Amino acid sequence: MAIASFAIGAAQTVVGFMGQQAQYKAQQQYYENNRKAANQAAVNKYTSQQNRALQEREAASQEKQNTQTKAMKARATAATAAGEGGVAGLSVDALMGDYYAQQGRYERSIDNNYQMTADYLRSEMDATQAQATSRINSVQQGTPPSFASAAVSLFGNALNGFSTYNKLKTS
């Protein structure tokens, strides 16, 4: 009877430990799957954000080239008209200076707009990292079962069985 009681208690402890181990492994797998999915989502978002940054830079560069071309044409037209009209001197120089100033202001505006967009996209990438970290941290990792508690339970079952054996022996 005492041996059967010990065996049943030991079996319950082992089965309980195995169940805890299975639960731990399942929780760890869930955590790992979530971590991988969060990281992959972040990589995908980073790729999209970097592509947008490249597109914005290319668009700003193209706009500056167009501005330079238009400014050169305007200066050439003005110079030709001044030459054909026999106008020269400070007024023509002032007109050319104004064309250069307009071009410079417009190019500075393009640069400023691009810089603001680039800063925004960098902050979006920071937010993507924070979002991925938050998503990963939202799933708790599993806690491995304690072999010590199983050993204590087995020891308790052994003592209980021994106690039962002694009671039966003295009766």
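Residues numbered from 1 in each chain as written. Predicted model: local features only at pLDDT ≥ 70, side-chain atom pairs only at ≥ 80, totals over all residues. Heavy atoms only, no water.

A.B. asks: Where do I start with the overall build of the chain in this structure?
C.D. replies: Within the chain, the regular secondary structure consists of three helices and zero strands. With 171 residues in all, the chain has 19% of them scored as buried. For the chain, contacts bridging at least 24 residues in sequence account for 91% of all contacts bridging at least 6. Accessible area of the chain: about 12,000 Å², with a carbon and sulfur share of 57%. (Helix = DSSP H or I, 4+ residues; strand = E, 2+ residues; numbered from the N terminus. Buried < 20%, exposed > 50% of the residue type's maximum accessible area, 1.4 Å probe, protein only. Contact = heavy atoms within 4.5 Å. Areas by Shrake-Rupley, 256 points an atom, 1.4 Å probe, with all protein chains shown as cover.)

A.B. asks: Is there a simple way to think about the packing of aromatic side chains in this case?
C.D. replies: With the rule as written, the count across this model stands at zero aromatic pairs. The ring of Tyr100 has Arg75 sitting right over it, with the charged end atom 3.9 Å from the ring centre. (Phe/Tyr/Trp six-rings, centres within 6.5 Å; stacked < 30°, edge-to-face > 60°. Lys NZ or Arg CZ within 6 Å of the ring centre and 35° of its normal.)

A.B. asks: Explanation requested: the pattern of salt bridges in the structure shown.
C.D. replies: Side chains bearing opposite charge may pair, as long as their charged atoms lie close to each other. In total, this model carries four salt bridges according to the counting rule given. Lys64 serves as the salt-bridge partner of Asp111, at 3.1 Å between the closest nitrogen and oxygen. Taken together, the residues Asp111 in helix α2 (residues 90-137) and Lys64 in helix α1 (residues 2-85) connect sequence positions 47 residues apart. A relative accessible area of 29% means that Asp111 is categorised as partly exposed. Judged by relative accessible area, which is 23%, Lys64 ranks as partly exposed. (Salt bridge = Lys/Arg side-chain N within 4 Å of Asp/Glu carboxyl O.)

A.B. asks: Quick question: what am I supposed to make of the environment of Tyr99 here?
C.D. replies: Structurally, Tyr99 can be placed in helix α2. The class of Tyr99 is partly exposed, set by a relative accessible area of 24%. Each C-alpha atom of the pair Tyr99 and Ala78 lies 9.6 Å from the other, and the pair is 21 residues apart in sequence. Setting aside its immediate chain neighbours within four residues, Tyr99 contacts Ala74, Arg75 and Ala78.

A.B. asks: Can you walk me through the confidence of the model for the chain in this structure?
C.D. replies: The predicted coordinates of low-pLDDT regions are not to be read in fine detail. The predicted model of the chain has a mean per-residue pLDDT of 87, with 81% of residues at 70 or higher. Mean pLDDT across the elements of the chain bottoms out in helix α3 (residues 147-170) (66) and peaks in α2 (95). (pLDDT = per-residue confidence, 0-100.)

A.B. asks: What is the right way to read the side chain of Gln49 from this model?
C.D. replies: Counting through the fold element by element, Gln49 comes out in helix α1. Residue Gln49 is classed as buried on the basis of its relative accessible area of 7%. Reaching out from Gln49, the side chain makes a polar contact with the backbone oxygen of Glu124 at a distance of 3.4 Å. Setting aside its immediate chain neighbours within four residues, Gln49 contacts Leu121, Glu124, Met125 and Thr128. (Polar contact = N/O pair within 3.5 Å; in protein donor to acceptor, adjacent residues only side chain to side chain.)

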